[in-house]
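Each chain is listed here by its residues.
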Amino acid sequence: MIHDSILRDRLVTGDKTSSDVTRDILRPILNNPSKSWKIGFTISVIFLGIFAISLFNTLWNGIGVWNINKSVMWGWDITNFVFWIGIGHAGTLISAVLLLFRQKWRMSINRSAEAMTIFAVVCAAMFPVFHMGRVWVGYWALPLPNAFGSLWVNFNSPLLWDVFAISTYFSVSLLFWYIGLIPDIATIRDKVTSKLGKAMYGFFSMGWTGSTRTWARYELISLILAGLSTPLVLSVHTIVSTDFATSLVPGWHTTIFPPYFVAGAIFSGFGMVASLLVVARKVMNYENYITIGHLDAMCKIIMVTGSIVGIAYLTEFFIAWYSGNEYEQYAFANRAFGPYWWAYWSMMSCNLIAPQVFWFRWARTTPWFIFIMSIVVNVGMWFERFVIIVTSLHRDYLPSSWVMYSGSLTEVGLFLGTFGIFFTFFFLFAKFLPVINMSEIKSIMRNRE
Amino acid sequence: MAIVDKKLTLRNRNKILVGVWEDEDNLLAAATALTAAGIHIHDIYTPYPVHGLDRIINARRSKLARIAFFCALIGLTLMTTMIWYMSVYDWPMNVGNKPLRFTPSWSPVMFEGTVLCTAFGMSFFFFWRNRLVHGIKNEILDIRQTDNRLVVAVETTSNMDEKAILTMMRKNGALELKSFHKGVQTILK
């Protein structure tokens, strides 16, 4: 016997029916773009233009236009790479891990979080690709025969693991996202009136009919993909962390890096999801689908992962002292009290101290405050990567090589430009595809136990 | 076993009786009653997954998990062989004087390759089995079956009492009744 729960808060409010869900969620797709969409899209395209100009400068003049040099060979570029890869983690976490844990609140936010993952990984990939300098021989990173120009790739190198991890993560996330979209694309196919729309959505819906047999297999494949994606999402940031941890640079050569990076990635990813959804629920009138309860749950995850990251910061500081290794001890003292002290304390304030405000219910249930906090989280996480990379590299074992580093205008332009790429994709996604998973939302409207 | 599930197509079928519901509880009760009366339900089309319907229409349990495991084995074997061929056999690579045999440092690439092969291999079989092909003509009985209606399809045979089936559907809360034969739709209620 199936019961309607009287204890749990409803995941969808406003007494919606299935047809209400279709109508509400498809409104931006079936109607002309709103004014706010046009303004947002235009700003994104302007930032995309900044990316194009910065990239042209980089390719035309070479990466000498960046300020990276001995001994800071990884500056803004790899900071931005790790920043975007981190953001790309929440999508798969929400879809896969929360699906395995049967957390139904994920259903309102998983679609946009998965889209965010894909766009963030595209942004992330820009940085190591163009950091190579001669980007036209980038294919040397692939396992191609020696006759193609380079030797076989080195499978012992974490940089090669990155190539495999990120390309696999991107491909599997895209597949997971697309399979999840098929039933909703079929709904649009049967609603849209234009000839072009019918042809396009018809093509991508792959003849979906909603047959019970197909649904049974669809739920099984979603579960298996979630089971595959969970270790995948953990492996990707673990591998990114080994880019640092397997080196002999003080401040990088630590075993705590994999769990610390994974927690940080989830933290920043949820920060970005919160930024996007707080705005989307207001602008697109989705308050009944992305409720205060959803924001509350996301804030709790931000607080927990922020605290894990904070403990990691304190642990590595303690271990540096406890190790008795003077290089390690100096690296950490230099982070906190050296010339980049402002970056370190920005990181500590934004990532460890600020999220503690989410212990208070008011903070977790006030959208404008959550939006501000989500920005703070992402600023903090950018500084975390900057601190790890720059403070460790600018003063290495040889004091005569010590330098100060700051990003050039081109490096800043590339970073701002990736926001252009990200938001251009996101606005197009919000216009042409449903931001909320309609078929899953329809299945939880009755609050069944 | 043919890979494509032929039950998913409506082409070359006898007359199909269609009942349309709005509420999933009524649909579950109706489907149970129809099956209990010995009527074979060809398929039920819903805009979202309704749990329990697959057992009512006696759909076979999917073998997708086994296929996923098989794809994983292929992926793992391919990646291990590839790394061994490149790093040990074709061009022995001396990295820090480490031995030329399997080392734990191969495992990340082996893992990623295994996941990639499993995800795409399994999805390929999923699409194939379910007749999900880009550009295929969609065979839907009711335009609202992807929106807010739950549609039951019963394929008739020569010894079936169509009137009795329609009456049973109506009694169990069907909002509309239709029939489909050779591409022609007839509204019955």
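These numbers were taken from a predicted model, which means no experiment stands behind them. (Residues numbered from 1 in each chain as written. Chains lettered and ligands numbered in written order. Predicted model: local features only at pLDDT ≥ 70, side-chain atom pairs only at ≥ 80, totals over all residues. Heavy atoms only, no water.)

**Student:** Explain the overall build of chain A to me, please; I cannot follow it from the model alone.
**Tutor:** Helix and strand counts for chain A come out as 16 helices and zero strands. Here chain A holds 449 residues, and the buried ones make up 59% of them. Intrachain contacts of chain A at a sequence separation of at least 6 include 81% that bridge at least 24 residues. Carbon and sulfur atoms make up 70% of the accessible area of chain A, which amounts to about 18300 Å² in all. Across chain A, the mean location of the 31 positive side-chain charges is 11 Å away from that of the 22 negative side-chain charges. (Helix = DSSP H or I, 4+ residues; strand = E, 2+ residues; numbered from the N terminus. Buried < 20%, exposed > 50% of the residue type's maximum accessible area, 1.4 Å probe, protein only. Contact = heavy atoms within 4.5 Å. Areas by Shrake-Rupley, 256 points an atom, 1.4 Å probe, with all protein chains shown as cover. Lys, Arg positive; Asp, Glu negative; His and termini not counted. Charge placed at Lys NZ, Arg CZ, Asp CG, Glu CD.)

**Student:** I'm lost on the overall build of chain B in this one. Help?
**Tutor:** When helices and strands are counted, chain B shows five helices and five strands. Ordered by position from the N terminus, the helices and strands of chain B form the series β-α-β-α-α-α-β-α-β-β. A compact globule built from 189 residues should have a C-alpha radius of gyration of about 16 Å, whereas chain B, at 25 Å, is more than 25% larger. Counting over 189 residues, chain B shows a buried share of 46%. A separation of at least 24 residues holds for 74% of the contacts in chain B among residues at least 6 apart in sequence. As displayed, chain B has an accessible area near 10100 Å², and 60% of this comes from carbon and sulfur atoms. In chain B, 23 side chains carry a positive charge and 16 a negative one; their mean positions are 6 Å apart. (Rg over C-alpha atoms; globule rule 2.2 N^0.38 Å.)

**Student:** For this particular structure, what's the right way to read the nonpolar core?
**Tutor:** Side chains of nonpolar character tend, in soluble globular proteins, to be buried together. Grouped together as the largest cluster of nonpolar side chains are 163 residues, with contacts concentrated most on A:Trp84, A:Phe244 and A:Phe270. Of the residues forming this core, the biggest block, 17 residues, is contributed by helix H6 (residues 158-189) of chain A. Other than its neighbours up to four places away in sequence, A:Trp84 contacts A:Ala120, A:Cys123, A:Ala124, A:Phe127, A:Met272, A:Phe415, A:Thr418, A:Phe419 and A:Phe422. In this structure, B:Leu27, B:Ala30, B:Ala31 and B:Val152 belong to the second largest nonpolar core, which totals 23 residues. (Core = buried A, V, L, I, M, F, W, Y, C linked by side-chain atoms within 4.5 Å.)

**Student:** Even after reading the chapter, I still don't get the packing of helix H9 (residues 257-283) of chain A against helix H14 (residues 367-393) of chain A, so can you show me in this structure?
**Tutor:** Helix-helix packing is described using two parameters, namely the angle between the two axes and the distance between the axes. Residues and elements named next belong to chain A. The geometry of H9 relative to H14 is characterised by a closest axis approach of 8 Å and an angle of 145° between their N-to-C directions. The two elements H9 and H14 meet at a crossing, and its hand is left-handed. Taken together, the residues of the contact of H9 with H14 break down into 16 nonpolar, six polar and three charged. (Axes fitted to C-alpha atoms, helices over the stretch in contact; angles between N-to-C directions. Left-handed = near helix turned anticlockwise from the far one by under 90°. Nonpolar A, V, L, I, M, F, W, Y, C, P; charged D, E, K, R; others polar.)

**Student:** Is there a simple way to explain the domain arrangement of chain B in this structure?
**Tutor:** Many structure descriptions define interface size as the accessible area lost when the parts assemble. The domain boundaries assigned to chain B delineate domain 1 (13-59 + 139-187) and domain 2 (64-129). Domain 1 of chain B and domain 2 of chain B are separated by 46 Å when their C-alpha centres are compared. (Domains from an automatic or database assignment.)

**Student:** Looking at this model, I keep getting lost on the packing of aromatic side chains. Mind explaining?
**Tutor:** Residues and elements named next belong to chain A. Within this structure, the stated rule accounts for 61 aromatic pairs over all chains. Measuring from ring centre to ring centre gives 4.8 Å for Phe244 and Trp252, while their planes differ by 85°; the resulting arrangement is edge-to-face. Taking the relative accessible area as the measure of exposure, Phe244 reaches 2% and is therefore buried. Judged by relative accessible area, which is 4%, Trp252 ranks as buried. Positioned above the aromatic ring of Phe332, the side-chain terminus of Arg335 is 4.6 Å from the ring centre. A cation over an aromatic ring shows up here: Lys431 above the ring of Phe432, its NZ or CZ 5.6 Å from the ring centre. (Phe/Tyr/Trp six-rings, centres within 6.5 Å; stacked < 30°, edge-to-face > 60°. Lys NZ or Arg CZ within 6 Å of the ring centre and 35° of its normal.)

**Student:** I tried to follow the pattern of salt bridges on my own but got confused; where do I start?
**Tutor:** When the charged atoms of two side chains with opposite charge come close together, those side chains can pair. Residues and elements named next belong to chain A. In this structure the tally under the stated criterion is 21 salt bridges over all chains. Residues Asp24 and Arg27 are paired through a salt bridge, measuring 3.1 Å at the closest nitrogen-oxygen approach. In this pair, Asp24 and Arg27 are both assigned in helix H1 (residues 18-30), three residues apart and thus about one turn of the helix distant. The class of Asp24 is buried, set by a relative accessible area of 4%. Ionic pairing is found between Asp296 and Lys300, a salt bridge with its closest N-O pair at 3.7 Å. Of this pair, Asp296 and Lys300 both sit in helix H10 (residues 292-323), four residues apart, roughly one helical turn. Through salt bridges with shared partners, one network takes in Lys16, Asp20, Arg23, Asp24 and Arg27. (Salt bridge = Lys/Arg side-chain N within 4 Å of Asp/Glu carboxyl O.)

**Student:** What am I meant to see in the environment of A:Asn378 here?
**Tutor:** Residues and elements named next belong to chain A. The topology assignment puts Asn378 in helix H14. Residues Asn378 and Ser44, spaced 334 residues apart in sequence, show a C-alpha to C-alpha distance of 18 Å. Other than its neighbours up to four places away in sequence, Asn378 contacts Phe83, Ile87, Ser268, Gly271, Met272 and Ser275.

**Student:** Which parts of the structure should I look at to understand unusual backbone geometry?
**Tutor:** With the exception of glycine, the majority of residues adopt a negative phi angle, and the majority of peptide bonds are in the trans configuration. With an omega dihedral of 0°, the bond running from A:Lys70 to A:Ser71 counts as a cis peptide bond. Mapped onto the secondary structure, A:Ser71 falls in the loop between helix H2 (35-61) and helix H3 (76-87). Notably, A:Met206 is not glycine yet its phi reads approximately 55°, a positive angle. In this structure, A:Met206 sits in the loop between helix H7 (195-205) and helix H8 (212-245). Of the residues examined, A:Met206 reaches a relative accessible area of 5% and is grouped as buried. Positioned with a positive phi, B:Asn58 is a non-glycine residue whose angle comes to about 65°.

**Student:** What is the right way to read H6(A) from this model?
**Tutor:** Residues spaced three or four apart along an α-helix point in a common direction, a consequence of the helix completing one turn every 3.6 residues. Relative to the 46 Å expected for 32 residues at 1.5 Å per residue, H6(A) spans 44 Å between its end C-alpha atoms, a close match to the ideal helical length. Of all the bends in H6(A), the greatest, near 40°, is centred on A:Ile182, and the proline A:Pro183 appears no more than four residues after it. (Expected span 1.5 Å × (residues − 1). Bend = angle between axes of the 7 residues up to and from the residue.)

**Student:** Help me understand a nonpolar patch on the surface, please; the structure alone is not making it clear to me.
**Tutor:** Residues and elements named next belong to chain A. Side chains of Tyr139, Trp140, Leu142 and Phe148 sit close together on the surface and give an oily, nonpolar patch of about 370 Å² of accessible area. Inspection of the secondary structure assignment puts Leu142 in the loop between helix H5 (110-131) and H6. According to the relative accessible area criterion, Leu142 is partly exposed, its value standing at 41%. (Patch = residues over 30% accessible without salt bridge, like charges linked within 9 Å, V, L, I, M, F, W, Y side chains within 5 Å.)

**Student:** What should I look at first to understand the sheet that holds strand S4 (residues 176-181) of chain B in this one?
**Tutor:** In a beta sheet, neighbouring strands pair by backbone hydrogen bonds and run either parallel or antiparallel. Residues and elements named next belong to chain B. Ordered by their spatial adjacency, five strands build an open sheet running S2-S3-S1-S4-S5, and the pairing between neighbours is antiparallel. In this open sheet, the two strands that pair with only one neighbour each are strand S2 (43-45) and strand S5 (184-187). Going across the sheet, the axis of each strand differs from the next one's by a mean of 25°, ignoring polarity. Lying over the sheet, helix H1 (residues 24-36) contacts strand S1 (16-21), S2 and strand S3 (150-155), oriented at roughly 15° with respect to S3. (Pairing = 2+ DSSP bridges.)

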